[in-house]
Amino acid sequence: MIYLDNAATSFPKAPNVKAAMCDFLDNIGASAGRSAYASSIQSARILFETRKLLASMVGLKDCKRVFFTLNATMAINTALQGFLKPKDKVLITQMEHNAIKRPLNFLKEKIGIEIVELPCNEFCELDLKEAQKHFKGAKLLACMHANNVSGAIIPLDELSILCKKNGVKFLLDAAQSLGCVPLFDVMKKVDFLCFSAHKGLLAPMGVGGLIVSDDFDTNSLTPLVFGGTGSASELEFQPSFLPDKFESGTPNMHAIAGLKAALEWIETYGVDKIHQHECEIRNYFLENLSKQENIKLYPTFGESVGILSFDIPRLNLSHISELLGENGICVRVGLHCSPSSHKTIKSFKRKGTIRLSAGVFTTHSEANKALEVILRIAKCKDIS
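Quick notes on the rules
- Residues numbered from 1 in each chain as written.
- Predicted model: local features only at pLDDT ≥ 70, side-chain atom pairs only at ≥ 80, totals over all residues.
- Heavy atoms only, no water.
- Disulfide = S-S within 2.5 Å.
- Buried < 20%, exposed > 50% of the residue type's maximum accessible area, 1.4 Å probe, protein only.
- Pairing = 2+ DSSP bridges.
- Helix = DSSP H or I, 4+ residues; strand = E, 2+ residues; numbered from the N terminus.
- Axes fitted to C-alpha atoms, helices over the stretch in contact; angles between N-to-C directions.
- Contact = heavy atoms within 4.5 Å.
- Phe/Tyr/Trp six-rings, centres within 6.5 Å; stacked < 30°, edge-to-face > 60°.
- Lys NZ or Arg CZ within 6 Å of the ring centre and 35° of its normal.
- 1 Å grid on protein atoms, 1.4 Å probe; cavity = no way out; pocket = protein on both sides within 12 Å on 5 of 7 lines; lining within 4 Å.
- Points joined across faces, edges and corners; volume = space filled by probe spheres on them.
- Nonpolar A, V, L, I, M, F, W, Y, C, P; charged D, E, K, R; others polar.
- Expected span 1.5 Å × (residues − 1).
- Core = buried A, V, L, I, M, F, W, Y, C linked by side-chain atoms within 4.5 Å.

Draft legend 1. Quick look at the state of the cysteines. The final tally for this structure, using the stated rule, is zero disulfides. Free of any disulfide, Cys120 has its nearest cysteine sulfur in Cys124, 7.0 Å distant. Classification of Cys120 by relative accessible area gives buried; the value is 9%. The closest cysteine sulfur to the non-disulfide-bonded Cys337 is located on Cys194, 17 Å from its own sulfur.

Now the structure itself:
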């Protein structure tokens, strides 16, 4: 098996993740912050240390502003539904994932928010000159940092300046970039950062988070979920202190233990090295596939992560997916939960692309073998 679907979920996970999860299940097992016995305290320590590692990764001073969720989608919903009010104006780019589009469209119907799309060209470049015309009067900018179809990285610094200049809050969906791209001072540039642990952070599924900047007033953010927190149990109302205000219910502690191990490995290995390696694999595919007349590429200009989309127009997409799978090549084929991105790069009518997404553990030998299979498939006749 050659795994090239790391944009969906990374595989394999970081070293020691499995051991950390098994150790928690075998030797700790208790809920964090619910009792004073040793294993409960140990569980709480893991929770606290994981918050600290995440805060350090993004340049956050107060680790209590790291709120754990089930995934990036839940984090995005927490921010959008907890912050936006009727008639608020929200800016997004023309190529957003459904994790942003769907909750915003729900809020548009429910409370009447206004959604304005900032234009991008087919190479996923954002038109900053046109974009700046729309910031006046906006409440929030919400967008992906790295596009999950093309790999394109948005101009984060320029957008942050526009937000600060116009008093617009900034939500960054970092599902495809945290752990893959250095983000050591990102919380100075954005107000909300949403992530999943199971992608670039090389950790288990079922954990994500919302990180709120040190300067943001959390009194203006309503929780998405209310309930037991293990604190202030004498009150029948949600506590207002952090992080408890946004963390009701028992956290997924064995997965968080795995996340802690992954973060420690990433810190030691280096995000810079991860980014360099994944882009090397992407560029290898880009260089070699671009030489083939019967393969259509969807390249981007500027910075990117290790994602590349392509197509073999003569063949049926489902047929391509089957042939890749039969040859042990694991990729994602289709619309990737991001129809807006495909409309932007003009692959929507085709019903998507073939997405290659390298990971830190993808070897050059694996990339070469995958390329051989792709080139062989490209010579096939369509059976559709």
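Additional details are given in the paragraphs that follow.
Draft legend 2. Seen up close, the sheet that holds strand S3 (residues 89-93). Spatial strand order, S2-S8-S7-S6-S5-S3-S4: seven strands in an open sheet with mixed pairing. Pairing within the sheet leaves two strands with one partner each, and these edge strands are strand S2 (66-69) and strand S4 (114-118). Averaged over all pairs of adjacent strands, the angle between their axes in this sheet comes to 20 degrees, without regard to strand direction. Here S3 pairs with S4 via five bridges, running parallel. Bridging across to S4, Lys89 finds its partner in Glu114. The sheet contacts of helix H6 (residues 156-166) involve strand S5 (140-144) and strand S6 (169-173), and relative to S6 the element is tilted by about 155 degrees.

Draft legend 3. Quick peek at the packing of aromatic side chains. All told, the structure shown has nine aromatic pairs when counted by the stated rule. Ring geometry for Phe123 and Phe301: centres 4.7 Å apart, planes at 35 degrees, overall tilted. In this pair, Phe123 is assigned in the loop between S4 and helix H5 (128-131) and Phe301 in the loop between strand S9 (296-297) and strand S10 (307-311), connecting sequence segments 178 residues apart. Between the NZ or CZ atom of Lys343 and the centre of the ring of Phe348, over which it lies, the distance is 4.9 Å.

Draft legend 4. Summary view of empty space enclosed by the protein. With the rule as written, the count across this model stands at three cavities of 30 Å³ or more. Counted as a void, the largest cavity has a volume near 140 Å³. Around the largest cavity, the lining comprises 17 residues; the ones closest to its centre are Asn6, Ala7, Cys180, Glu278 and Ala358. Split by residue class, the lining of the largest cavity holds eight nonpolar, seven polar and two charged.

Draft legend 5. Region of interest: helix H2 (residues 38-58). With 21 residues, H2 ought to run about 30 Å at 1.5 Å a step, and its terminal C-alpha atoms sit 31 Å apart, in line with that. Here H2 has its buried residues at Ser39, Ser40, Ser43, Ile46, Leu47, Thr50, Arg51, Leu53, Leu54, Ala55, Met57 and Val58. On the buried face of H2, the contacting elements are helix H1 (17-28), S2, strand S7 (192-196), strand S8 (208-212) and helix H7 (253-269). Phi turns positive, to about 75 degrees, at Gly59, one or two residues after H2.

Draft legend 6. Looking closely at the nonpolar core. One finds Phe135, Leu141, Phe170 and Leu193 to be the most contacted residues of the largest nonpolar core, which totals 69 residues. When residues no more than four places from it in sequence are discounted, the contact partners of Leu141 are Leu91, Ile92, Leu118, Phe135, Leu159, Cys163, Val168, Lys169, Phe170 and Leu171.

Draft legend 7. Region of the structure containing the layout of surface pockets. In this structure, the largest pocket spans a volume of roughly 560 Å³. Taken together, 30 residues make up the lining of the largest pocket; nearest its centre are Leu47, Arg51, Glu247, Gly249 and Pro251. Sorting the residues of the lining of the largest pocket by element identifies H2, S2 and helix H3 (72-83) as the ones contributing at least two each. Considering each element in turn, the lining of the largest pocket owes the most residues, four residues, to H2. A breakdown of the residues in the lining of the largest pocket according to their chemical character gives 15 nonpolar, 11 polar and four charged.

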